[in-house]
Amino acid sequence: MTTESRYAPLFEPLQIGPVIAPNRFYQVPHCTGMGHALPQTLATMRGVKAEGGWGVVCTEYCSIHPSSDDHPYPFASNWDDGDTANLAAIADAVHAHGALAGIELWHGGSYVANLATRMPTLGVRSMPARSDPFQSQRMDRADIRRLKSWHRQAALRARDAGFDIIYVYPTHGYLVWEFLSRSLNDRTDEYGGSLANRARLFRELLEDTKDAVGDRCAVATRFSADGHGETHLSADEARDLLALFGSLPDLWDLVIEDYEEEMGSSRFVDAAAFESRVRGARALTGRPVVSIGRFTSPDTMLGQLTRGVLDLVGAARPSIADPFLPEKIRAGRVEDIRECIGCNICYAHDTRGSALRCTQNPTMGEEWRSGWHPERVPAGRGSVLIVGAGPAGLEAAHVLGKRGFTVALADRSDAPGGRVARESRLPGLAEWARVRDYRTGQIARMPNVDLYLGNLLTAADVSGFGADYVLLATGARWRRNGIGRWHAAAIGTLTGDVLTPDDIMDGARPQGRVVVFDDDNYYMGPVVALALARDGAQVCYATTESKAGEWSAHTAEQARTQRQLLDAGVEIVVAHALHAFDGSSAGFACIYTGRELWRAAAHLVLVTSREPEDALHDELLGRNGETDGSRIIRIGDCRQPAIIAAAVYSGHKAARELGGELHAVPAARERVVIAGPRRT
Ligand code: ADP
Ligand code: SF4
């Protein structure tokens, strides 16, 4: 073992009830958007984490019964033998690398709507679902008895599937959380009233699960260290439960009250931010404690153990961005860690009901269907010229360098990084520079990759270079004409100082009254508005949607985005589309009524859509693809302007497949195929 001795405590085994974790790296339960729908994709992905050294690898929320169905989100399920077989594939994949497999048993209570099963949902009382026009059925004693039996059966099936750690889950707004809530639980029986009564279901589930599987499996619980807010479960009550139920579970997996903070992006929440709230739980419970904090630094992780805060270092996002993080620490390769940037694109795709992906780790979710490994790439030979050192070009250079190609990477700019270098200078986005830093760090150590900065390449330069392959990664620029979702054609009535986010990133700081018109509706509009407000401008932020940065609800950032703008004194105008600007005022129309609204403004910033920088591509191949494009390939934003994760993925895919079979779609696909004779 080459572990630097100071990190050795991270690699000590730990007894958790009847099982032993091989080290202190614990992948806590996290959603994947795969769940019951993509079992092979999921099992392979979890197995890769175990291969990368995570000592414990858990599932996502795993429904115990059809009365808990979170459709259209692909939750995991443990309802019947078919599910048990699929779950066993996860446990097997994790065990193959010597790690423990954990499963988070879950009942959604009133929160879900059971859109797939159409069963009535169950609640401590009849309450509205998260967003659908359904209310739950109030549970009577017989319902509680049934629930306990479903939970027990699910625990037994999980044990039979091979899981080592089985969760009882009283947090995040689901069924057991409802019972704990002082304001929602209005029962007059032994499950309502005092804290002991409200916590009775929680306690009984812990005891039942221990009784059912405790000889073979550890029983864990995911618990909020600072309660669920004064109206539900106060911080003091949470402490009381930690002390009261301390040794009932074998492991306490601690989260915090505010999910948007727990899931906080780097724009709003720092790494290791929850320590003050989880410290002390070890002493109260006398059991091992794990908790999270977007830990990517080995020294921070180590500090959690040596200062006695945690016994196990929990991670979801850091394990997504780098499944091999523990192994890299063990092997003394700390500089090779691909650090999570806290962008929450992983979470966003689960909330979109699609499979997990990651900005930093383009192989995430592709382990099974594309056969991609986060650390290994196939060998290859040849020379490649890459034009553009943004996320797409850098990722391609990194992968091709690793494959053994001779790579020349050129950028007209004096610094690498393209859009991530530029965007990371905007408020709250500093961590995004890690997309550049990981890749420049890797290629700096590759003798077969040369980086040429300050080099604007023309079509003649590219042709004259004589490389076997050319990858064009020239990016995209924000449009200055208003074309976007709302306006299909350029707005003809724009005169005066019209700026774009590129101007702001280049340092423009208009003063006085500024209108920021957002028809992109993710982070760029709000971040630009904030940058200008902080520099003294009087900013009006106008959006075609009904909230500031509406899409960022998927990244758990929308509420904080809106609050941040309001706190910075930015006026927010919703549901209005810009239609005119003359250098002294901007005119909008209500998207519903067409009614006009005017704001005085000397400057206008348009955040609408981007124009691919594909002039080089067109010169080399002809605008309509007149020339064969198998040797000259467009990647990233110059092909399809999109999120940074898409540019990295595009660069990775092209680089991994170069010189071999180019897959337009991934090689494998998970879906149900009807077997047996056709019915006539
Ligand atoms: P992506 O997200 O697809 O990686 P970026 O916009 O981040 O795209 O990066 C594109 C990079 O390409 C920028 O750094 C830009 O300076 C560079 N670039 C664009 N055109 C040329 C060119 N003709 N020669 C060299 N570099 C170029
Ligand atoms: Fe981290 Fe972003 Fe990857 Fe999620 S998508 S793991 S937040 S880098």
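Here, the structure is the one placed above.
In short, a report on the structure. (Residues numbered from 1 in each chain as written. Chains lettered and ligands numbered in written order. Predicted model: local features only at pLDDT ≥ 70, side-chain atom pairs only at ≥ 80, totals over all residues. Heavy atoms only, no water.)

1. Overview of the overall build of the protein
Line of reasoning, step 1. From N to C terminus, the protein includes 23 helices and 28 strands.
Line of reasoning, step 2. For 680 residues, the compact-globule estimate of 2.2 N^0.38 gives 26 Å, and the C-alpha radius of gyration of the protein, at 27 Å, lies within 12% of that figure.
Line of reasoning, step 3. With the principal axes as the frame, the protein shows a C-alpha extent of 75 × 70 × 60 Å.
Line of reasoning, step 4. Here the protein, with 680 residues, has 60% of them falling under the buried criterion.
Line of reasoning, step 5. In the protein, the share of contacts with a sequence separation of at least 24, taken over all contacts with a separation of at least 6, comes to 71%.
Line of reasoning, step 6. When the accessible area of the protein is evaluated, it comes to approximately 26000 Å², of which 49% is carbon and sulfur surface. (Helix = DSSP H or I, 4+ residues; strand = E, 2+ residues; numbered from the N terminus. Rg over C-alpha atoms; globule rule 2.2 N^0.38 Å. Buried < 20%, exposed > 50% of the residue type's maximum accessible area, 1.4 Å probe, protein only. Contact = heavy atoms within 4.5 Å. Areas by Shrake-Rupley, 256 points an atom, 1.4 Å probe, with all protein chains shown as cover.)

2. Thoughts on helix H21 (residues 558-567)
Line of reasoning, step 1. The set of residues buried in H21 consists of Gln558, Arg560, Thr561 and Leu565. Buried residues in H21, looked at end-on, bunch into an arc of 165°, giving them a common side. H21 presents Leu566 and Asp567 as exposed residues on the side facing more than 90 degrees away from its buried surface.
Line of reasoning, step 2. Here the buried face of H21 lies against helix H8 (259-262), helix H20 (524-534), strand E21 (538-543) and strand E22 (571-573).
Line of reasoning, step 3. A positive backbone phi angle near 80° is found at glycine 569, which sits one or two residues after H21. (Arc of directions from axis to C-beta.)

3. Some points on the nonpolar core
Line of reasoning, step 1. Counting residues in hydrophobic clusters, the biggest one holds 85 residues, and the most contacted among them are Leu10, Phe163, Phe223 and Leu254.
Line of reasoning, step 2. Element by element, the count of residues in this core is highest for helix H3 (residues 141-161), at 7 residues.
Line of reasoning, step 3. With sequence-adjacent residues up to four places away left out, phenylalanine 163 is seen in contact with Thr59, Leu87, Ile90, Ala91, Ala101, Gly102, Ile103, Ala158 and Cys217.
Line of reasoning, step 4. One finds Cys343, Ile345, Leu426 and Val570 within the second-largest nonpolar core, a separate group that totals 34 residues. (Core = buried A, V, L, I, M, F, W, Y, C linked by side-chain atoms within 4.5 Å.)

4. Observations regarding helix H1 (residues 39-51)
Line of reasoning, step 1. In this model H1 runs 18 Å from its N-terminal to its C-terminal C-alpha over 13 residues, within 8% of the 18 Å that 1.5 Å per residue would give.
Line of reasoning, step 2. Here H1 lies mainly inside the structure; 10 of its 13 residues are buried.
Line of reasoning, step 3. Here H1 has its buried residues at Pro39, Thr41, Leu42, Ala43, Met45, Arg46, Gly47, Val48, Lys49 and Ala50.
Line of reasoning, step 4. In the core, the buried residues of H1 are packed alongside strand E3 (25-27), strand E4 (56-63), helix H2 (81-95) and helix H12 (317-321).
Line of reasoning, step 5. Just past H1, the residue glycine 53 takes up positive phi, approximately 110°. (Expected span 1.5 Å × (residues − 1).)

5. Description of the packing of aromatic side chains
Line of reasoning, step 1. This structure, assessed with the given rule, holds 20 aromatic pairs.
Line of reasoning, step 2. For the ring pair phenylalanine 75 and tryptophan 79, a centre distance of 6.1 Å and an interplane angle of 35° mean the geometry is tilted.
Line of reasoning, step 3. Feature note: the residues Tyr61, Phe75, Trp79, Trp106, Tyr111, Tyr169 and Tyr174 constitute an aromatic cluster, connected by ring pairs. (Phe/Tyr/Trp six-rings, centres within 6.5 Å; stacked < 30°, edge-to-face > 60°.)

6. Observations regarding the sheet that holds strand E24 (residues 585-590)
Line of reasoning, step 1. Here we have 3 strands laid out as an open sheet, ordered E23-E24-E25, and antiparallel in their pairing. The outermost strands of the open sheet, each flanked by one partner alone, are strand E23 (576-581) and strand E25 (596-600). The average undirected angle you get between the axes of adjacent strands in this sheet is 30°.
Line of reasoning, step 2. The sheet contact formed by E23 and E24 spans 5 bridges and is antiparallel. Among the inter-strand pairings, phenylalanine 581 is bridged to a residue of E24, identified as alanine 586. (Pairing = 2+ DSSP bridges. Axes fitted to C-alpha atoms, helices over the stretch in contact; angles between N-to-C directions.)

7. Description of the site of ligand 1
Line of reasoning, step 1. The environment of ligand 1 is formed by 20 residues, the closest being Ala392, Asp411, Arg412, Arg419 and Asp637.
Line of reasoning, step 2. Taking alanine 392, its main chain carries an N or O atom lying 2.8 Å from an oxygen atom of ligand 1.
Line of reasoning, step 3. Note that an oxygen atom of ligand 1 is positioned 2.6 Å from one of the side-chain N or O atoms of aspartate 411.
Line of reasoning, step 4. Burial of ligand 1 by the protein amounts to 92% of the accessible area it has alone, namely 590 Å².
Line of reasoning, step 5. Put simply, the parts of the chain that give the shell around ligand 1 at least two residues each are helix H15 (391-403) and helix H16 (418-423).
Line of reasoning, step 6. For the shell around ligand 1, the per-class residue count stands at 9 nonpolar, 7 polar and 4 charged. (Near = heavy atom within 4 Å. Polar contact = N/O pair within 3.5 Å; in protein donor to acceptor, adjacent residues only side chain to side chain. Nonpolar A, V, L, I, M, F, W, Y, C, P; charged D, E, K, R; others polar.)

8. So, the site of ligand 2
Line of reasoning, step 1. In the vicinity of ligand 2, the contacting residues are Arg317, Ile320, Ala321, Cys340, Ile341, Gly342, Cys343, Asn344, Ile345, Cys346, Cys358 and Thr359.
Line of reasoning, step 2. Of all the secondary-structure elements, those providing two or more residues to the shell around ligand 2 are H12 and helix H14 (345-351).

9. Description of the environment of isoleucine 329
Line of reasoning, step 1. With respect to the secondary-structure elements, isoleucine 329 resides in helix H13 (residues 325-330).
Line of reasoning, step 2. Taking the C-alpha atoms as reference points, isoleucine 329 and leucine 606, separated by 277 residues in sequence, lie 45 Å from one another.

10. Comments concerning the pairing of strand E14 (residues 383-387)
Line of reasoning, step 1. Across the 5 residues that make up E14, a large majority, 4, are buried.
Line of reasoning, step 2. As judged from the 4 bridges shared by E14 and strand E17 (residues 469-472), these two strands associate in the parallel manner. Within the sheet, the bridge partner assigned to isoleucine 386 lies in E17 and is leucine 471.

11. What about the sheet that holds E21?
Line of reasoning, step 1. The strand order across the open sheet formed by 5 strands is E19-E26-E20-E21-E22, and the pairing between neighbours is parallel. Across the chains shown, the open sheet's two edge strands, defined by having one partner strand only, are strand E19 (497-499) and E22. Neighbour to neighbour, the strand axes of the sheet diverge by 20° on average, direction disregarded.
Line of reasoning, step 2. By the bridge criterion, 6 bridges tie strand E20 (residues 513-518) to E21 in an arrangement that is parallel. Its bridge partner lying in E21, valine 515 is registered against cysteine 540.
Line of reasoning, step 3. Relative to the sheet, H20 contacts E20, E21 and strand E26 (603-607), its axis offset from that of E20 by approximately 170°.

12. Considerations on the pattern of salt bridges
Line of reasoning, step 1. Overall, the coordinates contain 52 salt bridges when judged by the stated rule.
Line of reasoning, step 2. Residue aspartate 258 pairs with arginine 560 through a salt bridge whose shortest N-O separation is 3.1 Å. Of this pair, aspartate 258 sits in the loop between strand E11 (251-255) and H8 while arginine 560 sits in helix H21, and the two are 302 residues apart along the sequence.
Line of reasoning, step 3. For arginine 560, a relative accessible area of 14% translates into the label buried.
Line of reasoning, step 4. By sharing partners, the salt bridges in this structure join Arg294, Glu339, Glu431 and Arg434 into a single network. (Salt bridge = Lys/Arg side-chain N within 4 Å of Asp/Glu carboxyl O.)

13. Focus: the environment of arginine 534
Line of reasoning, step 1. Within the secondary structure layout, arginine 534 lies in helix H20.
Line of reasoning, step 2. Residue classification places arginine 534 among the exposed positions, given a relative accessible area of 54%.
Line of reasoning, step 3. Each C-alpha atom, one on arginine 534 and one on alanine 568, is 7.1 Å from the other, the two residues being 34 residues apart in sequence.
Line of reasoning, step 4. If we ignore the near neighbours within four places in the chain, the residues touching arginine 534 are Pro427 and Gln564.

Scope: geometric values only; no functional claims are made or implied.
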